[in-house]
Every structure is written in structure tokens, then in C-alpha cells.
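As a plain string of letters, each chain reads:
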Amino acid sequence: VLRQQAPPPRELWDIACGQGAFSKLVLEAGYHVHAVDGDTQQCRVPGIPCESLDLNDVAQVEHFIRARDGRADVTVALEIIEHLRNPWAFMQFCADMTKPGGYILLSTPHIGSIYSRLLFLRTGQFLMFQDYRKPFGHINPVTASELETIFDHCRLQVLVKAFPCRMPSRGTMRHRLGMLASLIIRPFAKGDKDGIILMYLLRKRGDSSGGTAT
């Protein structure tokens, strides 16, 4: 998606980069990569500087933005928004980090998938937000509808909306029954039904037109 819509070389900031797997991929693809994480010891990719930032610390975030306001051609936020206390503030941070006309690549668990809807109906918990996920920091499920409302508020245009991962067909008997039930109710369900990951490529508007295109 990035190669097609925002090809290198560009300044790319990988927010909450973890061990740096994606940072390494985009570095090798020709982007100029800056990594950011709450634990800088995780990222050990040669040639990529990693800066420390606690995204839940308002004062740290404000200082970080003031120092780097609007520097990024591309801001990447893969699988992080569901770990944070305030998704609205985080998307504004991403917008503030990005140049007008620049790009934001975002992904998060797709809680609106058919399988996740069925799981919520049965257990009251969304897929990837079950109790056993809490130690991993999955605390804030965000729907596509809420995200797109936030994008509009932050003047971010949707260029690509995709569902890059699907549920595996094999697993426990309960999982297989869930997949079968998903197939049965799928024709009657509305909205985005597929995938377990929701991904967007966004462009920061450089005009005053507002609105979000999908």
C-alpha cells in the first residue's frame, strides 16, 4: 500500500515500533525511517534511531509534537491505538506529526467482523479483547465508524480501507462452529464483515474542504 500510494524516498515515522520489524522492511524499501517506542530497548534495527515516548503521557506527547511538528511524510501506527487510553488524542497526534498532504498508515483489530460480532453476542467480549488479551495491553476496542468520525475531525482523508488478515479455518471445535455460524449469518449482516485486522491509509488534508472520502 505504501509503495503504491506514497513511494520512497520519504521521511517515515514508525510510532510504537516494537522490535522494529516493520521499520526494517520500510528501511530496506528505501524510506528514511525514524522509530518511536515506549521501550527503546526493544528496537535493535541497525541504521534506525529509536526515540522514547509514552503515548499515554500527555506532557510527553505535547513536548514531542512541539519538537517535531509536521515533520513526517508518512506516520505509521500499526496495532497501537487499541493499547491507548484516548484514541481521539492519538489520531490528533498522528495528524500533528504529519505534513499537509502527507500520509498515515493505521491498523487495529477489526471488532466489526462477523466472527467478532458472534463472539460478542456469546461472551460480551470482542475478538482480540478477551480477558486473556488484557495483559498484552488490548484495552480500547475501536469501531470503523468511530475511527472514521475521528478521521473527519482531524481532517484526514481515507485513501485505502482494507482487511489484510482473515480468521484461520482450523482450530478448536468451538472455533470451527463459530466459523460455520459466521458463514450462515453473513448474508444477513451489514457493514464490513471480513478480516480480523482493519487497516487504513490516510492523507492529511492541506486544504479547507474537510470531509472524509472512502
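Relevant structure appears above.
Let me sum up the structure you'll find in this document.

### Observations concerning the overall build of the chain
- When helices and strands are counted, the chain shows 7 helices and 7 strands.
- Ordered by position from N to C terminus, the α and β elements of the chain give α-β-α-β-β-α-β-α-β-α-α-β-α-β.
- Taken over 214 residues, the chain has a buried fraction of 43%.
- Counted over contacts in the chain with a minimum sequence separation of 6, partners at least 24 positions apart contribute 70%.
- For the chain, the exposed surface amounts to about 11200 Å²; the carbon and sulfur share of it is 54%.

### A few points about the packing of helix H4 (residues 87–97) against helix H6 (residues 144–153)
- Here H4 crosses H6 at 45 degrees, and the two axes come no closer than 10 Å. In terms of their interaxial angle, H4 and H6 are classed as oblique. Handedness of the crossing formed by H4 with H6: right-handed. Seen from H4, the contacting residues are Pro87, Trp88, Met91 and Gln92; seen from H6, they are Glu146, Thr149, Ile150, Phe151 and His153.
- Looking at the contact of H4 with H6, its residues break down into 5 nonpolar, 3 polar and 1 charged.

### What about H6?
- Inspection of H6 places Ala144, Leu147, Ile150 and Phe151 among the buried residues, and these make up the whole buried set. Within H6, the buried residues cover an arc of 120 degrees as seen down the axis, which keeps them to one side. Away from its buried face by more than 90 degrees, H6 exposes Ser145 and His153.
- Of the surrounding elements, those touching the buried residues of H6 are H4, strand S5 (98–109), strand S6 (156–162) and strand S7 (197–204).
- Two residues or fewer after H6 comes Arg155, characterised by a positive phi angle close to 60 degrees.

### Remarks on the layout of surface pockets
- Approximately 320 Å³ is the volume attributed to the second largest pocket.
- Lining of the second largest pocket is provided by 18 residues; of these, Ala16, Cys17, Gly18, Asp37 and Ile80 occupy positions nearest its centre.
- In the lining of the second largest pocket, the residues fall into 8 nonpolar, 5 polar and 5 charged.

### Considering the environment of Cys17
- Relative to the elements of secondary structure, Cys17 occurs in the loop between strand S1 (11–15) and helix H2 (21–28).
- On the basis of relative accessibility, which here comes to 10%, the residue Cys17 falls in the buried class.
- For Cys17 and Cys50, which are 33 residues apart along the polypeptide, the C-alpha to C-alpha distance reads 8.6 Å.
- Not counting chain neighbours up to four residues away, the residues in contact with Cys17 comprise Ser23, Ala35, Val36, Asp37, Cys43 and Cys50.

Procedures and definitions
- Residues numbered from 1 in each chain as written.
- Predicted model: local features only at pLDDT ≥ 70, side-chain atom pairs only at ≥ 80, totals over all residues.
- Heavy atoms only, no water.
- Helix = DSSP H or I, 4+ residues; strand = E, 2+ residues; numbered from the N terminus.
- Buried < 20%, exposed > 50% of the residue type's maximum accessible area, 1.4 Å probe, protein only.
- Contact = heavy atoms within 4.5 Å.
- Areas by Shrake-Rupley, 256 points an atom, 1.4 Å probe, with all protein chains shown as cover.
- Axes fitted to C-alpha atoms, helices over the stretch in contact; angles between N-to-C directions.
- Parallel < 35°, antiparallel > 145°, perpendicular 65-115°, else oblique.
- Left-handed = near helix turned anticlockwise from the far one by under 90°.
- Nonpolar A, V, L, I, M, F, W, Y, C, P; charged D, E, K, R; others polar.
- Arc of directions from axis to C-beta.
- 1 Å grid on protein atoms, 1.4 Å probe; cavity = no way out; pocket = protein on both sides within 12 Å on 5 of 7 lines; lining within 4 Å.
- Points joined across faces, edges and corners; volume = space filled by probe spheres on them.

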